[in-house]
Amino acid sequence: IAALMVAPVLAQTPADTQNQQTQNSSTGSVAAPAPAPDKAPSTHAKQQRADDGRSIQQKIDELQKQVEALKEQGRTREKLTITAEEQAEKEKSVLTAVGREYTLMQKGKFELEYSMRYEYTSSSELVAGEENTTLVHPRANHTIRNAIGVQYGLLDNLTINANLPFVYSYDKTGSSSSRDITDVGDITIGLDYQPFKSGGIWPTTIFTLTGIFPTGRSPYKINRNTDLPTGNGTYAVALNMNMSKSVDPAIIFGGVGMTYRFEPDGIDYYINGIVIDAVKPGMSFNAALGLAYSISYALSMNVQFQYVYYNGTDYLVTGGETAYVTPAYSSANLIVGTGWRFSPKWMVSFSVGVGWTKNDPDFFFLARLPFS
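Conventions we followed
Residues numbered from 1 in each chain as written. Predicted model: local features only at pLDDT ≥ 70, side-chain atom pairs only at ≥ 80, totals over all residues. Heavy atoms only, no water. Helix = DSSP H or I, 4+ residues; strand = E, 2+ residues; numbered from the N terminus. Buried < 20%, exposed > 50% of the residue type's maximum accessible area, 1.4 Å probe, protein only. Contact = heavy atoms within 4.5 Å. Areas by Shrake-Rupley, 256 points an atom, 1.4 Å probe, with all protein chains shown as cover. Phe/Tyr/Trp six-rings, centres within 6.5 Å; stacked < 30°, edge-to-face > 60°. Lys NZ or Arg CZ within 6 Å of the ring centre and 35° of its normal. Pairing = 2+ DSSP bridges. Axes fitted to C-alpha atoms, helices over the stretch in contact; angles between N-to-C directions. Core = buried A, V, L, I, M, F, W, Y, C linked by side-chain atoms within 4.5 Å. Salt bridge = Lys/Arg side-chain N within 4 Å of Asp/Glu carboxyl O. pLDDT = per-residue confidence, 0-100.

Caption draft 1: The arrangement of the overall build of the chain in detail. Within the chain, the regular secondary structure consists of three helices and 18 strands. Each of the 372 residues in the chain was classed as buried or not, and the buried ones make up 29%. Of the contacts made within the chain by residues no fewer than 6 positions apart, 59% connect residues no fewer than 24 positions apart. When the accessible surface of the chain is totalled, it reaches about 23,600 Å², and 60% of it is carbon and sulfur.

Caption draft 2: Broad picture of the packing of aromatic side chains. The full count for this structure, using the stated rule, is 11 aromatic pairs. With a centroid separation of 5.0 Å and 85 degrees between ring planes, the pair formed by tyrosine 260 and phenylalanine 262 is classed as edge-to-face. By relative accessible area, phenylalanine 262 is classed as partly exposed at 38%. Ring pairs connect the aromatic residues Tyr118, Tyr120 and Phe363, which therefore count as one cluster. Between the NZ or CZ atom of arginine 117 and the centre of the ring of phenylalanine 364, over which it lies, the distance is 3.9 Å.

Caption draft 3: Structural context of the sheet that holds strand β15 (residues 322-325). Taking strand neighbours across the sheet as the criterion, the three strands line up as β11-β14-β15 in an open arrangement whose pairing is antiparallel. In the strand order of this sheet, the two ends are held by β11 (278-280) and β15, each with one partner. On average, adjacent strands in this sheet sit at an angle of 20 degrees to one another, irrespective of strand direction.

Caption draft 4: Structural context of the nonpolar core. In this structure, Tyr220, Ile267, Tyr269, Ile271, Ile276, Val279, Tyr315 and Val317 together form the largest nonpolar core, which totals eight residues. Excluding residues within four positions of it along the chain, isoleucine 267 makes contact with Tyr220, Lys221, Ile276, Asp277, Ala278 and Val279. With seven residues, the next largest nonpolar core counts Val98, Ile251, Phe253 and Ala292 among its residues.

Caption draft 5: Structural detail: the pattern of salt bridges. Enumeration according to the criterion identifies six salt bridges in this entry. Between aspartate 183 and arginine 217 there is a salt bridge whose closest N-O contact spans 3.8 Å. Of this pair, aspartate 183 sits in strand β4 (residues 177-184) while arginine 217 is found in the loop between β6 (204-213) and β7 (236-247), placing the two residues 34 residues apart along the sequence. Residue aspartate 227 pairs with arginine 217 through a salt bridge whose shortest N-O separation is 2.2 Å. Placement of the pair is aspartate 227 in the loop between β6 and β7 and arginine 217 in the loop between β6 and β7, with a sequence separation of 10 residues. The buried category is assigned to aspartate 227, whose relative accessible area is 15%. Ionic contacts of the salt-bridge type, sharing partners, join the residues Arg139, Asp171 and Arg179 into one network.

Caption draft 6: Looking closely at the pairing of strand β17 (residues 347-355). Relative to β17, strand β16 (residues 329-341) runs antiparallel, the two being bridged by nine bridges. From the neighbouring strand, valine 336 faces β17, where its bridge partner is valine 352. Between the antiparallel neighbours β16 and β17 lie five residues. Where β17 meets strand β18 (residues 363-371), six bridges bridge the pair, whose relative direction is antiparallel. Bridged to valine 352 within β18 is phenylalanine 365.

Caption draft 7: Examining the side chain of threonine 143 more closely. Mapped onto the elements, threonine 143 comes out in strand β2 (residues 134-155). Note on threonine 143: relative accessible area 8%, which makes it buried. Look past the residues within four positions of threonine 143 in its chain and what remains in contact with it is Arg117, Tyr118, Glu119, Val167, Tyr168 and Ser169.

Caption draft 8: Highlighting the environment of isoleucine 181. Relative to the elements of secondary structure, isoleucine 181 occurs in strand β4. A residue is classified by how much of its surface remains accessible, and isoleucine 181, at 13% relative accessible area, is buried. Separated by 46 residues in the primary sequence, isoleucine 181 and aspartate 227 place their C-alpha atoms 7.5 Å from one another.

Caption draft 9: Structural view of the confidence of the model for the chain. Averaged over every residue, the pLDDT of the chain is 83; residues scoring 70 or more account for 79%. Taken together, the stretch residues 17-34 has pLDDT below 50 and engages in three contacts with residues farther than four places along the chain or on a different chain.

Caption draft 10: Local environment of the environment of glutamate 101. Structurally, the position occupied by glutamate 101 is in the loop between α3 (40-98) and β1 (110-128). When the C-alpha positions of glutamate 101 and glycine 255 are compared, they lie 9.7 Å apart, and in sequence the two are 154 residues distant. Residue contacts for glutamate 101: discarding those within four places in its chain leaves Ile206, Thr208 and Asn242.

Shown next as structure tokens:
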């Protein structure tokens, strides 16, 4: 349609155009007067200044929008940073519910911890009866260990800790024979060190060096028929490597380690009427593997499997002759736990473990209350 309207106009010759203008003039049509030459430049300048003003205002508006966008990006980064810090704090609380060997204290921070562990072990014992008869008596051992632990951050990657246990043990055989004891246990002092920062595909790795001091009642210095021990009776050194890795939304953790026990001094021990003068405890090797999951910001669950292999112990008589050797044995426990975080400063955790071998307690219950 546009082409049809424009074509006749383009087809006109200059002569036709001149004739048309002449006709328009002859009919008395008066053309509009042209603007005065002296006023046109002033109007154009005003219009130019107005256009320049609008252009500057547009630029200012665009700059304001860019500034607001940068501010919004800064606020977004700040929110993301806070979220990352909260995530790290949440992961620490989840691992604290598992065990303090998987976390470190910040430099200058101090933490107290109370823990209570109850163990129940059942067995059967053959007892000589009247008229050359043998009776089978059930045996039950109940042990409660209350402990006070302290931790202090020497550096952000180095923590020193100590643990003092108070032990109550009750052992009953049959319906009449029973023994009980209340005393301190073996004190432990340790160092936890993280050699490098975690990140990427590498897990958080913490090395733990622990010294064990025989402050409890030694099993080699009591009459086992009438008394009960509250410690192992030997100095020992334990070295462990514990690792953890966040695989959102869960955390995988585990570790391996070994314990070396020194020969005890001044023992007074009897086995089947033989006086034992020296004991050579065997080394032990341990491993653990588990999975922890944060149900919410305050509640977490964890499950782990622990295994320990003990080498045999040699009991020697006067002259260095071997009188008795205990065979090597294993210990295995499946543990299920939960952690409840009340505030950033304190929480409570509960664990229940079940023994898988005859050398383990039937079950145990552990409650921990760390307060920083």
